[in-house]
Amino acid sequence: MPVITYREALRAAMSEEIERDPNVVLMGEEVAQFNGAYKISEGMLAKYGPKRIVDTPISEAGFIGMGVGAAMLGLRPVMELMFFSFYSVAFDQIFNNAANIRYMSGGLINCPIVIRGPANGGTNVGATHSHTPESIAAYHPGIKVVVPSNAYDAKGLMKSAIRDNDPVMFLENTILYGEACEVPDGEYLVPLGKASVMRAGTDISIIGHGRSIQLALKAADLLKEKHNINAEVVDLRSIRPLDVDTILNSVKKTSRCLYVEESKPFCSVGAMVACLISDQAFDYLDAPVKRLTSIDAPAIYSPPLEKLQLPSVERIYQAALDTLK
């Protein structure tokens, strides 16, 4: 099985879907002539032409609105944001229109649009370019939210997202773009709404999404090596729809839970998961659900300080030990 990067997996997914379905188009800032700000779409303009790979002005409100309209009329646009922080410029187009059109039309109009791009800190680009808005997106009925942690899932989830008839927010991580793993050639899908048990364990469930999963796996190795603690690591992959069964089954097995995410703590995905566990698996818990997030402040520009602000292997390791006391 070939080993490819997260970046290459996304490119493969979009290319395969463009070839499979004439209604799929990629639009966004610099996706065509510049090969994408992060080179996700490298070579796609030359291969598929300017009607399928379309550069847009730097106006998120304009081109996201155009994509929503195109989706309502039958296309399946994939819209790239250079930074996911800029989703807020198109808040009305995404959350007031795309999210609600199927409901408002009595099911007569679908909006099969994918809005994708990097949503993460850790790259020292400041507070206005470092948002992780998955909890904000997931708040709105009608929107699906996906946060892959590795190249295999990135490809399979992207293909599923493009084929879905609802708007999908597809949040990537810049730091993961160069990370590689085994990814099958050709067709496969990862369903939306299905979590993945990345590592089986019996002593504590470490649940999370996005790049935090890669850190959690390393922390789980430390827990095993230093304390013979068997941590189960569960990657949600999909925030909405949420795989409730996998979350509850894991916690019922281990009786302790640590949720890890890069988002801020207030009204986060982890807060929702902690509430869910407390409501539906309270009798199985031997300790309160613990959460580990970014420090609750705007993203820090200073590289050494931002590193301290974000979840790390050491912070996850220590939080897991605290949960097991």
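Every residue gets a number counted from 1 within its own chain, in the order that chain's sequence is written. A pLDDT threshold of at least 70 governs which residues receive local features in this predicted model, and a stricter bar of 80 or more applies before side-chain atom pairs are shown or counted, although totals over entire chains, interfaces and linings include all residues. Calculated side-chain values reflect all of the structure's heavy atoms, with hydrogen atoms and water omitted.

1. Overview of the side chain of histidine 140
Checked against the element boundaries, histidine 140 lands in the loop between helix H6 (134–138) and strand E6 (144–146). Type-normalised accessible area, obtained with a 1.4 Å probe on protein chains alone, sets the label of each residue: buried when under 20%, exposed when over 50%, and partly exposed for intermediate values. We classify histidine 140 as buried; its relative accessible area is 15%. What makes two residues a contact is simply this: any of their non-hydrogen atoms within 4.5 Å. Contact partners of histidine 140, with chain neighbours within four places excluded, come to Phe91, Phe95 and Arg240. Strands are runs of DSSP state E lasting at least two residues, helices are runs of H or I lasting at least four, and both sets are numbered from the N terminus onward.

2. Points about the sheet that holds strand E7 (residues 168–172)
Strand pairing is assigned whenever DSSP identifies at least 2 bridges connecting the two strands. Strand order across the open sheet formed by seven strands is E3-E2-E4-E5-E7-E6-E12, with mixed pairing between neighbours. Looking along the sheet, the strands with just one partner apiece sit at the ends: strand E3 (53–55) and strand E12 (238–240). Ignoring strand direction, the axes of neighbouring strands in this sheet form an average angle of 20°. Taken together, the five bridges between strand E2 (residues 24–28) and strand E4 (residues 76–80) define a ladder with parallel strand orientation. The residue bridging valine 25 from the neighbouring strand is proline 77, located in E4. Here an angle of 0 to 180 degrees is reported between the N-to-C directions of two axes, which are lines fitted to C-alpha atoms, with helices fitted over the stretch in contact.

3. Considering the nonpolar core
Nonpolar cores were defined as sets of buried Ala, Val, Leu, Ile, Met, Phe, Trp, Tyr and Cys residues, with membership established by side-chain atoms within 4.5 Å. Counting 45 residues, the largest nonpolar core has Ile64, Ile94, Ile115, Met169, Leu236 and Ile277 as its most contacted members. Where this core is concerned, the elements lending two or more residues are E2, helix H3 (60–72), helix H4 (91–98), H6, E7, helix H9 (244–254), strand E13 (257–260) and helix H10 (269–280). For this core, the element with the most residues is H10, which contributes five residues. All domain edges in this entry derive from an automatic or database-based domain assignment. Each of domain 1 (3–182) and domain 2 (196–324) gives at least three residues to this core. Dropping the residues within four chain positions of it, methionine 169 is found in contact with Phe84, Ile94, Phe95, Ile115, Ala137, Ile143, Lys144, Val145 and Val146. By size, the runner-up hydrophobic cluster in this structure holds 35 residues, among which are Ile4, Ala9, Phe83 and Val183.

4. A few points about the sheet that holds strand E11 (residues 231–235)
Read across the open sheet, the five strands follow the order E9-E11-E10-E13-E14; overall the sheet is mixed. Edge positions in the sheet fall to strand E9 (196–199) and strand E14 (290–292), since each of these pairs with one other strand and no more. Strand-to-strand, the axes of this sheet are offset by a mean angle of 25°, without reference to chain direction. Taken strand by strand, H9 contacts E9, strand E10 (204–208), E11 and E13, and its axis lies near 155° from that of E10. The strands touched by H10 are E13 and E14; relative to E13, the strand with the most contacts, the crossing angle is about 160°.

5. Details of the domain arrangement of the chain
We note that the domain assignment places domain 1 (3–182) and domain 2 (196–324) within the chain. If you average the C-alpha positions of domain 1 and of domain 2, the two centres end up 26 Å apart. Listed by partner, the interface residues are 29 residues for domain 1 and 24 residues for domain 2. By definition, the buried area sums, over both parts, the 1.4 Å-probe accessible area that each loses when the two are put together. Three residues, Asn124, Val147 and Ser149, lead the burial of domain 1 against domain 2; their summed loss comes to 25% of the area buried on that side. The term salt bridge refers to a side-chain nitrogen of Lys or Arg lying within 4 Å of a carboxyl oxygen of Asp or Glu. There are one salt bridge connecting domain 1 and domain 2. One salt bridge connects arginine 237 with aspartate 153, and the closest N-O pair in it is separated by 3.0 Å. Pairs of N or O atoms are called polar contacts if they sit within 3.5 Å, as long as, within protein, a hydrogen donor faces a hydrogen acceptor (for residues adjacent in sequence, only side-chain-to-side-chain pairs). Our count for the contact surface shared by domain 1 and domain 2 stands at 13 residue pairs in polar contact (both at pLDDT 80 or more). At the level of secondary structure, the elements contributing two or more residues to the side of domain 1 that touches domain 2 comprise H6, E6 and helix H7 (151–163). Residues are grouped as follows: nonpolar covers Ala, Val, Leu, Ile, Met, Phe, Trp, Tyr, Cys and Pro; charged covers Asp, Glu, Lys and Arg; every other residue, Gly included, is treated as polar. Residue classes in the side of domain 1 that touches domain 2 are distributed as 13 nonpolar, 13 polar and three charged.

6. A closer look at the pairing of E11
A large share of E11 lies buried, amounting to five of its five residues. The alternating pattern of E11 places Ala231, Val233 and Asp235 on one face and Glu232 and Val234 on the opposite face, and all of these are buried. With three bridges joining them, E9 and E11 adopt antiparallel strand pairing. Residue pairing for E11: arginine 199 is matched across the bridge by valine 233. In the sheet, E10 pairs with E11 via five bridges, with the strands oriented parallel. Bridging across to E11, isoleucine 206 finds its partner in valine 233. Consider the strands pointing away from the viewer: the crossover is right-handed when the path from the first strand over the helix to the second runs clockwise. The parallel pair E10 and E11, bridged by helix H8 (residues 212–227), forms a crossover whose chirality is right-handed.

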